[in-house]
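Understanding the architecture of this molecule
Each chain, written out:
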Amino acid sequence: MREILEERLFPVDELRLLASERSAGQLLEFQQKQIRVERLKEDSFRDIDIALFSAGRTVSEKFAPLAVASGAVVVDNSPQFRMEADVPLVVPEVNAQEIPGYKNRGIIANPNCSTIQMVVALKPIHDAARIKRVIVSSYQSASGAGRMAMEELSQQTAALFNGKELKTEKFPYQLAFNCIPHIDVFLPGGYTKEEIKMIDETRKILGEPSLRVTATAVRVPVFCGHSESVNIETERKLTAKDVRAILREAPGILLCDEPENNVYPMAIDSVGKDATLVGRIREDDSVPNGINLWIVADNLRKGAALNAIQIAEILIRDYL
């Protein structure tokens, strides 16, 4: 977030960095200045216009209302408020018109990373031909589980090559050279919480509460970048050529779809990019109006930090 604020020349008079006591005192650079990290306290938000939260559900639950009470608008990356009816859940390319709903509670929720990249690609198709059903399998990188998860993948990989003991703490099984079909906790019915997030958030963002969506979320041994295999059915027939034309003009999309030249999106291509990459577009001949897509994005960037700052940019431009 700090880097993207600087890259995008976000209008900052004062940047206040807040964290736990463990991180307080660190110096971080912003606009060629060293800013000291302060310990998060109940009165930390005095004179703040926008508070960007990315510290987990528990911190958001306690401190987001305090930030709002101090006069800030909160953009929250945690799942705490996403499915609350009076809190807008926003991806700017998809439903920026929901942003003024922040006036209800003073909070805008940032969606789950895997949901964000999918709906950026689905929305223009939905507008053109109305999507009836979505089947998604996500292949999610270690960074989605945090810095320590990335370190665990690195340690496991090195250990395997050097005949050393593997440590397994962040994941239920070895992730190196493996795929784990389990992200977050299992819920009644056999879905994981991550899968239910993708289902429920997609419906809310697209404004289609009865949209048929099913998801399978898999953790893969990739450091950064989430990939998704998405199958959709539409009410109106679209050819693969139609979909390419739609996505070529869609905001936030980079079309990478030249299979004859081995051009298709990969996780390594997405790292550091703002765009959501889409390719492997083809018609699903097993149903009348089916399309397959392969969707890739930097989960730390568009899947989290960038999306939050895009929301903040619209707040500054149109509402604050």
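Before going into details, it helps to say that this report is about the structure given with it. All figures in this text were calculated on a predicted structure; none of them were measured in a lab.

Let us now look at the pattern of salt bridges. One pass over the structure, following the stated rule, counts 20 salt bridges. For Lys197, the salt bridge goes to Glu194, with nearest N and O atoms at 3.9 Å. Of the two residues, Lys197 and Glu194 both sit in helix H6 (residues 193-206), three residues apart, roughly one turn of that helix. For Lys197, a relative accessible area of 15% translates into the label buried. Asp318 serves as the salt-bridge partner of Arg317, at 2.8 Å between the closest nitrogen and oxygen. A relative accessible area of 59% places Arg317 in the exposed class. Each of Glu7, Arg8, Asp274, Arg301 and Glu313 takes part in a single network of salt bridges with overlapping partners.

The next point concerns the packing of helix H4 (residues 113-129) against helix H7 (residues 240-248). Where H4 meets H7, the closest approach of the two axes is 9 Å, and the angle between their N-to-C directions is 120°. In terms of orientation, H4 and H7 fall into the oblique class. Judged by the twist between their axes, the crossing of H4 over H7 is right-handed. Of the residues in H7, those in contact with Ala121, Pro124, Ile125 and Ala128 of H4 are Val243, Ile246 and Leu247.

A few words now on the layout of surface pockets. A volume near 180 Å³ is recorded for the second largest pocket. Forming the walls of the second largest pocket are 14 residues, and the residues nearest its centre are Leu89, Asn95, Glu98, Lys204 and Ile205. Among the secondary structure elements, those contributing two or more residues to the lining of the second largest pocket are helix H3 (92-95) and H6. With three residues, H6 is the largest single contributor of residues to the lining of the second largest pocket. Taken together, the residues of the lining of the second largest pocket break down into seven nonpolar, four polar and three charged.

Let us now look at the pairing of strand S5 (residues 50-53). By the bridge criterion, four bridges tie S5 to strand S6 (residues 73-76) in an arrangement that is parallel. Across the sheet, the residue bridging to Ala51 is Val74, located in S6. Considered for its hand, the β-α-β crossover made up of S5, helix H2 (residues 57-69) and S6 is right-handed.

This brings us to the packing of aromatic side chains. Taken as a whole, this structure holds four aromatic pairs when the rule is applied. Between Phe45 and Phe53 the ring centres are 5.6 Å apart and the planes differ by 15°, which places this aromatic pair in the stacked class. The residues Phe45 and Phe53 share a single accessibility class, namely buried.

With their axes 8 Å apart at the nearest point, H4 and helix H9 (residues 301-319) run at an angle of 85° to one another. Accordingly, the angle class assigned to the pair H4 and H9 is roughly perpendicular. Along the contact surface, H4 presents Cys113, Ile116 and Val120, while H9 presents Lys302, Gly303 and Asn307. Here the contact of H4 with H9 is composed, by residue class, of three nonpolar, two polar and one charged.

Rules of the game
Residues numbered from 1 in each chain as written. Predicted model: local features only at pLDDT ≥ 70, side-chain atom pairs only at ≥ 80, totals over all residues. Heavy atoms only, no water. Salt bridge = Lys/Arg side-chain N within 4 Å of Asp/Glu carboxyl O. Helix = DSSP H or I, 4+ residues; strand = E, 2+ residues; numbered from the N terminus. Buried < 20%, exposed > 50% of the residue type's maximum accessible area, 1.4 Å probe, protein only. Axes fitted to C-alpha atoms, helices over the stretch in contact; angles between N-to-C directions. Parallel < 35°, antiparallel > 145°, perpendicular 65-115°, else oblique. Left-handed = near helix turned anticlockwise from the far one by under 90°. Contact = heavy atoms within 4.5 Å. 1 Å grid on protein atoms, 1.4 Å probe; cavity = no way out; pocket = protein on both sides within 12 Å on 5 of 7 lines; lining within 4 Å. Points joined across faces, edges and corners; volume = space filled by probe spheres on them. Nonpolar A, V, L, I, M, F, W, Y, C, P; charged D, E, K, R; others polar. Pairing = 2+ DSSP bridges. Right-handed = clockwise from strand over helix to strand, strands pointing away. Phe/Tyr/Trp six-rings, centres within 6.5 Å; stacked < 30°, edge-to-face > 60°.

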